[in-house]
Amino acid sequence: DTEVTQTPKHLVMGMTNKKSLKCEQHMGHRAMYWYKQKAKKPPELMFVYSYEKLSINESVPSRFSPECPNSSLLNLHLHALQPEDSALYLCASSQEGVYGYTFGSGTRLTVV
Amino acid sequence: SQQGEEDPQALSIQEGENATMNCSYKTSINNLQWYRQNSGRGLVHLILIRSNEREKHSGRLRVTLDTSKKSSSLLITASRAADTASYFCATDDSNYQLIWGAGTKLIIKP
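Keep in mind that what you see is a predicted model, and the values were worked out from it rather than measured.

A short note on the sheet that holds strand S8 (residues 73-79) of chain A
Strand pairing within a sheet occurs via backbone hydrogen bonds; the two strands may be parallel or antiparallel. All names here are of chain A. With antiparallel pairing, four strands are arranged side by side in an open sheet as S1-S3-S8-S7. At either end of the open sheet lies a strand with only one pairing partner, and these are strand S1 (4-7) and strand S7 (64-70). Between one strand axis and the next, the sheet turns by 20° as a mean value, whatever way the strands run. Examined bridge by bridge, strand S3 (residues 18-25) and S8 share seven bridges and lie antiparallel to one another. Looking at S8, one finds that Lys22 is bridged to Asn75.

Structure representation (structure tokens):
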């Protein structure tokens, strides 16, 4: 299995909702990432988990809460989001950056 | 993360022609990577070149790296309609943080 699987592919949520994005990989990669991407822009790093521990938090607002239940799973919990949080959220994994990152196909999030 | 620069921002060529994209960066690197992104989809890793390498090939892709000029280029030969996508370079300093270029939007006209 050489894929990163993200669910759901699309999500529309209200500003008072709570939702979660899920990411799964079975390549044995020890680093997993959440990125946010706005249209026509490169991805922006949000969080990095290394060996299931949060190692980087790029000053992301607390309405985004990451969780790494095990070495194969990564969640992003969303609460009280703003319309400007609407974006493509990408999960990625890597074997310590040696061979490049494997990205999921993303979750297109719309906050209404 | 501070962005690198890519040029051109957009490139439109005829099918069969070669496409060249350039990337410049600012800090020392461990490696430089190129990714492709089809509209609204995830990024696909194309090729990684290490800081001690000068050129690398993968199929129709050729990547060069000049660490003295802090620049890289991606050449796609014999372009196809399926190559239409955005292409991003990203530098890796081994600190789990890729620094991304702004991207080049490539359009292949049939």
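Some thoughts on the interface of chain B and chain A
Facing 22 residues of chain B, the contacting portion of chain A comprises 24 residues. Together chain B and chain A conceal approximately 1700 Å² of surface at their shared face, both sides included; 54% is due to carbon and sulfur atoms. Among the residues chain B hides against chain A, the three largest losses belong to Leu43, Tyr96 and Trp100 of chain B. Together they make up 36% of the total. The interface formed by chain B and chain A holds zero salt bridges in total. There are three residue pairs in polar contact (both at pLDDT 80 or more) connecting chain B and chain A. Secondary structure elements with two or more residues in the side of chain B that touches chain A: strand S4 (31-37), strand S5 (43-50), strand S9 (85-92) and strand S10 (98-100) of chain B. Residue classes in the side of chain B that touches chain A are distributed as eight nonpolar, 11 polar and three charged.

Focus: unusual backbone geometry
Leaving glycine aside, a negative phi is the common case for residues, and trans is the common case for peptide bonds. With an omega dihedral of -5°, the bond running from Thr7 of chain A to Pro8 of chain A counts as a cis peptide bond. Note on placement: Pro8 of chain A falls in the loop between S1 and strand S2 (10-13). Residues Asp7 of chain B and Pro8 of chain B are joined by a peptide bond in cis, for which omega reads 0°. Secondary-structure assignment places Pro8 of chain B in the loop between strand S1 (5-7) and strand S2 (10-14). Despite not being glycine, Lys40 of chain A shows a phi value in the positive range, around 65°.

Remarks on the state of the cysteines
Under the definition given, this model contains two disulfides over all chains. Put simply, Cys23 of chain A and Cys91 of chain A are joined by a disulfide, and their sulfur atoms are 1.8 Å apart. Measuring handedness by torsion sign, the sulfur bridge of Cys23 of chain A and Cys91 of chain A sits at about -70° and is left-handed. Highlighted residues: Cys23 of chain A in strand S3 and Cys91 of chain A in strand S9 (residues 87-94), separated in sequence by 68 residues. Since its relative accessible area comes to 1%, Cys23 of chain A is described here as buried. On the accessibility criterion, Cys91 of chain A (0% relative accessible area) is buried. Each sulfur in the disulfide pair Cys23 of chain B and Cys89 of chain B lies 2.0 Å from the other. Here the disulfide of Cys23 of chain B and Cys89 of chain B is right-handed, its torsion about the S-S bond being about 75°. Linking Cys23 of chain B in strand S3 (residues 19-24) with Cys89 of chain B in strand S9, this pair joins segments that are 66 residues apart in sequence. The pair Cys23 of chain B / Cys89 of chain B is uniform in exposure class, with both members buried. Residue Cys68 of chain A stays outside any disulfide, its sulfur separated by 9.3 Å from that of Cys23 of chain A, the closest cysteine.

Rules and cut-offs
Residues numbered from 1 in each chain as written. Chains lettered and ligands numbered in written order. Predicted model: local features only at pLDDT ≥ 70, side-chain atom pairs only at ≥ 80, totals over all residues. Heavy atoms only, no water. Pairing = 2+ DSSP bridges. Helix = DSSP H or I, 4+ residues; strand = E, 2+ residues; numbered from the N terminus. Axes fitted to C-alpha atoms, helices over the stretch in contact; angles between N-to-C directions. Contact = heavy atoms within 4.5 Å. Buried area = accessible area lost by both parts, 1.4 Å probe. Salt bridge = Lys/Arg side-chain N within 4 Å of Asp/Glu carboxyl O. Polar contact = N/O pair within 3.5 Å; in protein donor to acceptor, adjacent residues only side chain to side chain. Nonpolar A, V, L, I, M, F, W, Y, C, P; charged D, E, K, R; others polar. Disulfide = S-S within 2.5 Å. Buried < 20%, exposed > 50% of the residue type's maximum accessible area, 1.4 Å probe, protein only.

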